[in-house]
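# Structural description and commentary
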Amino acid sequence: MKPLHRATFLATVCASAPDFWTLTKPEVNFLIVIATFTGFYLGCPGNLDPFLFARLFHTLCGTLLVASGAGTLNQYLESRFDAQMRRTCKRPIAAGRLQPATALWFGVSLSVIGVVYLLIAVNALASLLAALTLTSYLVFYTPLKRKTPLCTFVGAVPGAMPILIGWAAASGSASSERAWILYAVLFLWQFPHFMAIAWMYREDYAQAGYLMFPTNSEEKFLAWVTSVASFALFVASIGAVSVNNGGTFQYFGTVMLGSGLLYCAMRQVLRRSRIAARQLLKATIVYLPLQFLIFVLGKS
């Protein structure tokens, strides 16, 4: 490569770096890292000394690669719909800053490298769970968003998988009831979180053809999904503390966090406003890392 061409190539890569970073959905990946770490830490045998720092590092790296690939490929598949929504029209592909083919290869590369990395550096089960997460997210959840409001239920299945990936990476198994109760917590958390987003941007979603709510029964669907899932999350979180032999601090913290989230959820159900939805969204973002921190601190 000639010096001038090399300089031009490097300048292009550097200029596009922020867009490639945006494609990976870093704000989502932050929560994925927290969930994966929680699953790994709680899945480690209690008598393990020293702690498996190297395996944890490999687990987080591999999971991040797969999650980044999934986020990129999701934006590739939905780019023409993203362009119709104010919330997403400035994304790199939708705005025309990156070519779809470039994003496709970037997403495929991240995904394949992540799955293979987990297989080599961690174990086959963690790699398999990551591959299933990627496939179900792209093949089932992504197209269903334009066909049925039940897409949220389908998407919550791969959305909660980082817990099991972390647990499997640490223990080599995902059959423990403790792992599945943690999975249930993350599974249920997604409903008030995504219902808040869907309500805030429901006109945007409708304009782009996404069926986030049933026709003519938006408020009833919002009320049922948000309230039932929030109450179930409260119960599941207490159950997770119980099976992990948590103490008074863990129970108190879980009840306080759950009560706060329930308050925000029921206010959104009653008011059905953008302000209440935004407050519920913020509450869910605060809730998850703090609740997982309580689980981690409560490990005996």
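Summary of the structure given here. (Residues numbered from 1 in each chain as written. Predicted model: local features only at pLDDT ≥ 70, side-chain atom pairs only at ≥ 80, totals over all residues. Heavy atoms only, no water.)

What follows concerns helix 12 (residues 248-271). Taking 1.5 Å as the rise per residue, helix 12 with 24 residues should run 34 Å; its terminal C-alpha atoms sit 34 Å apart, in good agreement. Residues Gln250, Gly253, Thr254, Leu257, Gly258, Leu261, Leu262, Cys264, Ala265, Arg267, Gln268 and Val269 constitute the buried set of helix 12. Among the structural elements, helix 9 (177-200), helix 11 (218-243) and helix 13 (274-297) are those in contact with the buried residues of helix 12. Looking one or two residues beyond helix 12, the residue adopting positive phi is Arg272, at roughly 50°. (Helix = DSSP H or I, 4+ residues; strand = E, 2+ residues; numbered from the N terminus. Expected span 1.5 Å × (residues − 1). Buried < 20%, exposed > 50% of the residue type's maximum accessible area, 1.4 Å probe, protein only. Contact = heavy atoms within 4.5 Å.)

Here we come to helix 8 (residues 161-171). In terms of burial, helix 8 is largely enclosed, as 10 of its 11 residues are buried. Of the positions making up helix 8, those classed as buried are Met161, Pro162, Ile163, Leu164, Ile165, Gly166, Trp167, Ala168, Ala169 and Ala170. Buried positions along helix 8 lie against helix 2 (26-43), helix 3 (53-77), helix 6 (124-144), helix 7 (151-159), helix 9 and helix 13. Just past helix 8, the residue Gly172 takes up positive phi, approximately 80°.

All right, on to the environment of Thr38 then. One can find Thr38 in helix 2. Looking at Thr38, the relative accessible area reads 1%, which means it is buried. In this structure, the C-alpha to C-alpha distance between Thr38 and Cys89, residues 51 residues apart in sequence, is 34 Å. Dropping the residues within four chain positions of it, Thr38 is found in contact with Ile163, Phe292 and Val296.

Once that is clear, we can look at the nonpolar core. Counting 73 residues, the largest nonpolar core has Leu186, Phe213, Phe292 and Phe295 as its most contacted members. No other element matches helix 9, which puts 14 residues into this core. Those residues within four positions of Phe213 in sequence are excluded, and the remaining contacts are Pro149, Met195, Ala198, Trp199, Arg202, Glu218, Phe221 and Leu222. (Core = buried A, V, L, I, M, F, W, Y, C linked by side-chain atoms within 4.5 Å.)

The next thing to look at is the pattern of salt bridges. Per the counting criterion, the structure on display carries eight salt bridges. When the shortest N-O distance is used, the salt bridge between Glu78 and Lys145 registers 3.0 Å. A residue pair is termed long-range when its members are at least 10 positions apart, and Glu78 in the loop between helix 3 and helix 4 (79-82) and Lys145 in the loop between helix 6 and helix 7 qualify at 67 residues. Via salt bridges that share partners, Arg202, Glu203, Glu218 and Arg274 belong to a single interconnected network. (Salt bridge = Lys/Arg side-chain N within 4 Å of Asp/Glu carboxyl O.)

Considering the arrangement of structural elements, one finds Lys25 in the loop between helix 1 (3-23) and helix 2. Since its relative accessible area comes to 14%, Lys25 is described here as buried. When the C-alpha atoms of Lys25 and Leu52 are compared, they prove to be 28 Å apart, with 27 residues separating the residues in sequence. Those residues within four positions of Lys25 in sequence are excluded, and the remaining contacts are Gly71, Asn74, Gln75, Arg91 and Tyr137. Separated by 2.9 Å, the side chains of Lys25 and Asn74 make a polar contact. (Polar contact = N/O pair within 3.5 Å; in protein donor to acceptor, adjacent residues only side chain to side chain.)

The next point concerns the packing of aromatic side chains. Under the defined criterion, the tally for this structure stands at 12 aromatic pairs. Where Phe292 meets Phe295, the ring centres are 6.0 Å apart and the plane angle is 40°; that geometry is what we call tilted. With Phe292 and Phe295 both in helix 13 and three residues apart, this pair spans about one turn of that helix. Looking at Phe292, the relative accessible area reads 1%, which means it is buried. Owing to a relative accessible area of 3%, Phe295 belongs among the buried residues under this scheme. Grouped by ring-pair contacts, the aromatic residues Phe153, Trp180, Tyr183, Phe187 and Phe191 constitute a single cluster. (Phe/Tyr/Trp six-rings, centres within 6.5 Å; stacked < 30°, edge-to-face > 60°.)

This brings us to the state of the cysteines. This model, assessed by the stated rule, comprises zero disulfides. Counting only cysteine sulfurs, Cys44 is the nearest neighbor of Cys61, a cysteine outside any disulfide, at a range of 16 Å. On the basis of relative accessibility, which here comes to 24%, the residue Cys61 falls in the partly exposed class. (Disulfide = S-S within 2.5 Å.)

With that settled, consider the packing of helix 7 against helix 9. Between helix 7 and helix 9, whose axes approach to 9 Å, the crossing angle comes to 135°. Between helix 7 and helix 9, the angle is such that the two are oblique. Handedness of the crossing formed by helix 7 with helix 9: right-handed. Contacts between helix 7 and helix 9 involve Thr152, Phe153, Gly155, Ala156, Val157 and Gly159 on the former and, on the latter, Tyr183, Leu186, Phe187, Gln190, Phe191, Phe194 and Met195. Of the residues that constitute the contact of helix 7 with helix 9, the class distribution is nine nonpolar, four polar and no charged. (Axes fitted to C-alpha atoms, helices over the stretch in contact; angles between N-to-C directions. Parallel < 35°, antiparallel > 145°, perpendicular 65-115°, else oblique. Left-handed = near helix turned anticlockwise from the far one by under 90°. Nonpolar A, V, L, I, M, F, W, Y, C, P; charged D, E, K, R; others polar.)

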